[in-house]
Amino acid sequence: FLTTPQRTAKIQRKVILGRYGLDELDLIAVVAGSARARAMFRDPTGLGVTVRRGDYLRKSACKVKDIQPDRVIVEIQEQLEGGQTAADRVVEMHPKGEQGEEQP
């Protein structure tokens, strides 16, 4: 009997700012209040990039879960043994003030 080789499906998703970790990104602006809320992050090179809910910030399943007027909520998922995924943690990122201090 001939068997067809099994192909493993690769998850392909658009990754924004995939070269940097969350601790290297600065949240500099949030535009909320509509169905199309957006946030802007600045990478270490000074480049500003706009993201929206559902975008992935890193290749390791770091997804923008929600954008609120004063914060962006990011969900990081981890691959467990056996192929299962579980929410590892949820991180809230707040915009920084002009002096580099977090705004309340």
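So, here is what we can say about the structure in this document.

1. Brief notes about the overall build of the protein chain
Step number 1: A count of helical and extended segments in the protein chain gives zero helices and seven strands.
Step number 2: Listed N to C, the secondary structure of the protein chain is β-β-β-β-β-β-β in terms of helices and strands.
Step number 3: Looking at the 104 residues of the protein chain, the share that counts as buried comes to 28%.
Step number 4: Here the contacts in the protein chain between residues at least 6 apart in sequence split such that 33% fall between residues at least 24 apart.
Step number 5: Roughly 8,000 Å² of accessible area belongs to the protein chain as shown, and the carbon and sulfur atoms make up 46% of that amount.

2. A look at the sheet that holds strand E2 (residues 38–42)
Step number 1: Taken together, three strands build an open sheet; the order of strands is E1-E2-E3 and the sheet is antiparallel. The open sheet has two edge strands, strand E1 (26–31) and strand E3 (48–52), and neither has a second partner. Averaged over neighbouring strand pairs, the angle between their axes works out to 25° when direction is ignored.
Step number 2: For E2 and E3, the ladder comprises five bridges, and the chain directions are antiparallel. Within E3, the position partnered with Met40 by the bridge is Thr50.

3. Observations regarding the pattern of salt bridges
Step number 1: Taken as a whole and assessed by the stated rule, the structure comprises one salt bridge.
Step number 2: Among the ionic pairs, Arg71 bridges to Asp70, the shortest N-O distance being 3.0 Å.

4. With respect to the environment of Gly54
Step number 1: Its location among the elements puts Gly54 in the loop between E3 and strand E4 (56–58).
Step number 2: By relative accessible area, which is 30% here, Gly54 ends up partly exposed.
Step number 3: On a C-alpha basis, the gap between Gly54 and Lys65 in space is 6.1 Å, while along the polypeptide they are 11 residues apart.
Step number 4: Discounting chain neighbours no more than four positions away, the residues touching Gly54 are Lys63 and Val64.

5. Focus: a positive patch on the surface
Step number 1: A cluster of basic residues, Lys14, Arg36, Arg38 and Arg52, forms a positive patch at the surface.
Step number 2: Residue placement: Arg36 occurs in the loop between E1 and E2.

6. Side note on the environment of Met93
Step number 1: Its location among the elements puts Met93 in strand E7 (residues 85–93).
Step number 2: Of the residues examined, Met93 reaches a relative accessible area of 10% and is grouped as buried.
Step number 3: Taking C-alpha positions, Met93 is 8.8 Å from Asp70, a pair spaced 23 residues apart along the chain.
Step number 4: Ignoring any residue separated from it by four or fewer positions in sequence, one finds Met93 in contact with Leu22, Leu25, Leu27, Phe41, Asp70, Arg71, Val72 and Val74.

Definitions and cut-offs
- Residue positions are given per chain, counting from 1 as you read along its sequence in written order.
- Local features are withheld for residues below a pLDDT of 70 in this predicted model, meaning they are given only at 70 or higher, and side-chain atom pairs are given and counted only at 80 or more; totals for whole chains, interfaces and linings count all residues.
- To obtain the side-chain values, all non-hydrogen atoms of the structure were included, while hydrogens and water were left out.
- Helix and strand labels come from DSSP, where a helix needs a run of H or I of at least four residues and a strand needs a run of E of at least two; each type is numbered from the N terminus.
- Working definition: with a 1.4 Å probe on protein chains only, accessible area under 20% of the residue-type maximum means buried, over 50% means exposed, and in between means partly exposed.
- Should any heavy atoms of two residues lie within 4.5 Å, those residues are counted as being in contact.
- To be clear on the numbers: accessible area is Shrake-Rupley with a 1.4 Å probe, and residue cover counts the displayed protein chains and nothing else.
- Paired strands, as defined in this entry, are two strands with at least two bridges between them according to DSSP.
- In this analysis, axes come from line fits to C-alpha atoms, helices being fitted only over the stretch in contact, and the angle between any two N-to-C directions falls in the range 0 to 180 degrees.
- One speaks of a salt bridge when a side-chain nitrogen belonging to Lys or Arg is within 4 Å of a carboxyl oxygen belonging to Asp or Glu.
- Surface patches are defined over residues having more than 30% relative accessible area and no salt bridge, joining like charges when they lie within 9 Å and nonpolar side chains (Val, Leu, Ile, Met, Phe, Trp, Tyr) when within 5 Å.
- Only four residue types enter the charge count, namely Lys and Arg as positive and Asp and Glu as negative; His and the chain termini do not.
- By convention, the charge on Lys lies at NZ, on Arg at CZ, on Asp at CG and on Glu at CD.

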